[in-house]
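Structure at a glance
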Amino acid sequence: MHSRSRCRNPEAGSDVANLTCRAEKVDGGWIINGQKTWCSNAHFARSILLIARTSNTGKKHEGITQFHIPADTPGLVIKGIDTLGGREVNDLYFTDCRVPDSAVVGEVGNGWNQLMAGLNTERLILAAMQLGVAERSFGDTLAFITERKQFGRPIGSFQALRHRMADLATEIECTRQLVYSVAQLADDNPTKLLPREASMAKLKATETSKRMTIDAMQMMGGYGYATEFDAERLMRGAIISTVYGGTNEIQRDNIGKTFGL
């Protein structure tokens, strides 16, 4: 499978357009210098989707270009970053990294608009993934509290857990309906930006997933903390989902702006 990784500038964070990684035009291609960080799965990828500044117009959203960079390109070094979930993200260092003109994705200088056009898909993919994590966590928890017995009966029969599971099931169903409806809207309008709806889907799905997986660990007690079960792994993945792909604080800000706030 041909895999790709997308990365961001080390100083940019949520301010994606604050680029310092630069690509200089030379005969027959481009020379890239700079650093990128938090590049998901770059150590597995065969190619990197890079955004770099190719001109300085004085406006940070202009003069940005996307490049397709093979992972084995000379001058590119990939170094892993240790995280709670293991090695999932990486630092990328570009030192006089030369690529041909054919490495340009789309149009030179139009990289920001291209990036924005992909946000519907990215946020929906993240939302769908975390909806799946929440559903998996719910199923695992349901199986556990049905089988696990305390005081002579399954722990799921106690009102505290039964009501908690009812609330979680309702939240997951609400999330499913939102994600599916926004996905249908994106399918019906493939060229339309959906800043409010896509951000809502990402926000709701990741927050639901985080709540579900944390509650799952609590309901499973010590077993939820043990690596024998998947509860702790699902929780680690759910927590970071509220950060990558645009933090949930940024999603809330995006939603608020669509109401003129």
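See the structure shown above.
Residues numbered from 1 in each chain as written. Predicted model: local features only at pLDDT ≥ 70, side-chain atom pairs only at ≥ 80, totals over all residues. Heavy atoms only, no water.

1. Notes on the packing of aromatic side chains
For the structure shown, the criterion picks out five aromatic pairs. An angle of 80° between the planes, with centres 5.7 Å apart, marks the rings of Y223 and F229 as edge-to-face. The structure contains a cluster of three or more aromatic residues connected by ring pairs, namely F144, Y223 and F229. The ring of F259 has R196 lying over it, and the distance from NZ or CZ to the ring centre is 3.9 Å. (Phe/Tyr/Trp six-rings, centres within 6.5 Å; stacked < 30°, edge-to-face > 60°. Lys NZ or Arg CZ within 6 Å of the ring centre and 35° of its normal.)

2. Digging into the pairing of strand β6 (residues 76-83)
In terms of strand pairing, β6 meets strand β7 (residues 86-100) through eight bridges, oriented antiparallel. The residue of β7 that forms the bridge with K79 is D91. Two successive antiparallel strands, β6 and β7, enclose a turn made up of two residues. (Pairing = 2+ DSSP bridges. Helix = DSSP H or I, 4+ residues; strand = E, 2+ residues; numbered from the N terminus.)

3. Looking at helix α6 (residues 231-241)
All of the buried residues along α6 are A231, E232, L234, M235, A238 and S241. Against α2 (119-147), α4 (195-220) and α5 (222-225) lie the buried residues of α6. (Buried < 20%, exposed > 50% of the residue type's maximum accessible area, 1.4 Å probe, protein only. Contact = heavy atoms within 4.5 Å.)

4. Examining unusual backbone geometry
At N41, a position not held by glycine, the phi torsion is positive, near 60°. Relative to the helices and strands, N41 is located in the loop between β3 (29-36) and β4 (47-53). Residue classification places N41 among the partly exposed residues on the basis of a relative accessible area of 40%. The phi dihedral of D96 is positive, around 45°, even though this residue is not glycine. If you trace the backbone, D96 turns up in strand β7. A relative accessible area of 53% means that D96 is categorised as exposed.

5. A few points about the side chain of S199
Among the structural elements, S199 can be located in helix α4. Take S199: its relative accessible area is 0%, and that puts it in the buried class. A polar contact is formed between the side chain of S199 and the side chain of R123, at a distance of 3.3 Å. With residues near it in sequence (within four places) discarded, S199 still touches R123, L194, Q251, N254 and I255. (Polar contact = N/O pair within 3.5 Å; in protein donor to acceptor, adjacent residues only side chain to side chain.)

6. Digging into the pairing of β3
Across five bridges, the pairing between strand β2 (residues 22-26) and β3 is antiparallel. Within β3, the residue paired with A23 across the bridge is I32.

7. Here we look at the pattern of salt bridges
All told, the structure shown has twelve salt bridges when counted by the stated rule. One salt bridge in this structure joins R136 and D230, with 2.3 Å as the shortest N-O distance. Placement of R136 in helix α2 and of D230 in the loop between α5 and α6 is noted, with a sequence separation of 94 residues between them. Overall, R136 belongs to the partly exposed group, its relative accessible area being 36%. Residue R211 is joined to D215 by a salt bridge in which the shortest nitrogen-to-oxygen separation is 4.0 Å. In this pair, R211 and D215 are both assigned in helix α4, four residues apart and thus about one turn of the helix distant. Take R211: its relative accessible area is 34%, and that puts it in the partly exposed class. Linked by salt bridges that have partners in common, R136, D140, D230 and R233 make up one network. (Salt bridge = Lys/Arg side-chain N within 4 Å of Asp/Glu carboxyl O.)

8. Some remarks on the environment of F158
Along the chain, the position of F158 falls in the loop between β10 (153-154) and α3 (159-188). On the basis of relative accessible area, F158 is assigned to the partly exposed category, the value being 24%. For the pair formed by F158 and I145, sequence separation is 13 residues and the distance between their alpha carbons is 9.7 Å. Not counting residues within four places of it along the chain, the set of residues in contact with F158 comprises Q150, F151 and R153.

9. So, the packing of α2 against α6
A pair of packed helices is captured by two measures, namely the crossing angle of their axes and the spacing between those axes. Taken N-terminus to C-terminus, the directions of α2 and α6 make an angle of 150°; their axes are 10 Å apart at the nearest point. Taken as axis vectors, α2 and α6 run roughly antiparallel relative to one another. When you trace α2 past α6, the crossing you get is left-handed. Counting all contacts with α2, which are made through Q130, V133, R136, S137 and D140, the residues of α6 involved are R233, L234, G237, A238 and S241. Taken together, the residues of the contact of α2 with α6 sort by class into three nonpolar, four polar and three charged. (Axes fitted to C-alpha atoms, helices over the stretch in contact; angles between N-to-C directions. Parallel < 35°, antiparallel > 145°, perpendicular 65-115°, else oblique. Left-handed = near helix turned anticlockwise from the far one by under 90°. Nonpolar A, V, L, I, M, F, W, Y, C, P; charged D, E, K, R; others polar.)

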